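# Structure at a glance
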Amino acid sequence: EADIYQTPRYLVIGTGKKITLECSQTMGHDKMYWYQQDPGMELHLIHYSYGVNSTEKGDLSSESTVSRIRTEHFPLTLESARPSHTSQYLCASSEYRGTQGDTEAFFGQGTRLTVV
Amino acid sequence: GEDVEQSLFLSVREGDSSVINCTYTDSSSTYLYWYKQEPGAGLQLLTYIFSNMDMKQDQRLTVLLNKKDKHLSLRIADTQTGDSAIYFCALSGGYNKLIFGAGTRLAVHP
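Residues numbered from 1 in each chain as written. Chains lettered and ligands numbered in written order. Predicted model: local features only at pLDDT ≥ 70, side-chain atom pairs only at ≥ 80, totals over all residues. Heavy atoms only, no water.

### What about the interface of chain B and chain A?
- Listed per partner, the contact involves 21 residues of chain B and 28 residues of chain A.
- In total, chain B and chain A occlude about 1,900 Å² of area from one another, counting both sides; carbon and sulfur atoms represent 50% of this.
- At the junction of chain B and chain A, the tally comes to 3 residue pairs in polar contact (both at pLDDT 80 or more).
- Sorting the residues of the side of chain B that touches chain A by element identifies β4 (31–37), β5 (43–50), β9 (85–92) and β10 (98–100) of chain B as the ones contributing at least two each.
- With 4 residues, β4(B) is the single largest residue contributor to the side of chain B that touches chain A.
- The residue inventory of the side of chain B that touches chain A, partitioned by class, reads 13 nonpolar, 6 polar and 2 charged. (Contact = heavy atoms within 4.5 Å. Buried area = accessible area lost by both parts, 1.4 Å probe. Polar contact = N/O pair within 3.5 Å; in protein donor to acceptor, adjacent residues only side chain to side chain. Helix = DSSP H or I, 4+ residues; strand = E, 2+ residues; numbered from the N terminus. Nonpolar A, V, L, I, M, F, W, Y, C, P; charged D, E, K, R; others polar.)

### Some details on the pairing of β9(B)
All names here are of chain B.
- Where burial is concerned, most of β9 is hidden: 8 out of the 8 residues are buried.
- Along β9, one buried face is formed by Ala-85, Tyr-87, Cys-89 and Leu-91 and the opposite face, lined by Ile-86, Phe-88, Ala-90 and Ser-92, is buried too.
- Where β4 meets β9, 6 bridges bridge the pair, whose relative direction is antiparallel. Note on β9: the bridge partner recorded for Lys-36 is Tyr-87.
- Sheet analysis places β9 next to β10, joined by 3 bridges and oriented antiparallel. Each bridged residue has a counterpart across the sheet, and for Ser-92 the counterpart in β10 is Leu-98. (Buried < 20%, exposed > 50% of the residue type's maximum accessible area, 1.4 Å probe, protein only. Pairing = 2+ DSSP bridges.)

### Some thoughts on the packing of aromatic side chains
- Across all of its chains, the model carries 13 aromatic pairs over all chains by this definition.
- Consider the rings of Tyr35(B) and Phe100(B), whose centres lie 5.6 Å apart with planes at 55 degrees: the pair is tilted. Of the two residues, Tyr35(B) sits in strand β4 while Phe100(B) sits in strand β10, which places them 65 residues apart along the sequence.
- According to the relative accessible area criterion, Phe100(B) is buried, its value standing at 8%.
- By way of ring pairs, the aromatic residues Tyr33(A), Tyr35(A), Phe107(A), Tyr31(B), Tyr33(B), Tyr35(B), Tyr48(B), Phe50(B), Phe88(B) and Phe100(B) are connected into one cluster.
- Directly above the ring of Tyr48(B) sits Lys56(B), whose terminal nitrogen or CZ lies 4.0 Å from the centroid. (Phe/Tyr/Trp six-rings, centres within 6.5 Å; stacked < 30°, edge-to-face > 60°. Lys NZ or Arg CZ within 6 Å of the ring centre and 35° of its normal.)

Such coordinate-based values are descriptive only and should not be taken to indicate function.
Structure (structure tokens):
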């Protein structure tokens, strides 16, 4: 079983509020990712990190920001939530194996965010 | 950029075999993955195949890789109702990012 945790599982919040979605992994993985997924739809990479103090934007533009101060922790923040941010947010981590490429990505259970 | 394509829906009868297909454009991936997502949950790794392999079998799951055609498939033997889920094909894209297909929704009916 994967040791990657996301909190909260569900969040309903009003427009304009600041929110932080938490993601922690205990596997010591260098790489971490945030994906956004609408129900039943494909995953879109919005942020990723190669390690501490590394953050990169993904393929889908997002108004959220991330930080990576510790290896195990990769929180995602929305400064001012809007209804268009309503979605499921999935966090994942993997380990780089050099020329053999990454290990598989382990996923958290996801945070389902609703902005009203 | 990299592109991964899957058919969106598949419906099979319980006990039959399911075959989920995936095509991709980036041939440099070292590993190719199949993930399963049940409603309201995260993604669970089902199986993966190393790029120098043609086939991998794991109990009811068989993965076939055709590198020439850039085609990956997942066969589920004796499909059960518990196999109903969305199945995602994924590969390591540029900068070792995982690139996912749109997912195939498998419906298993009696």
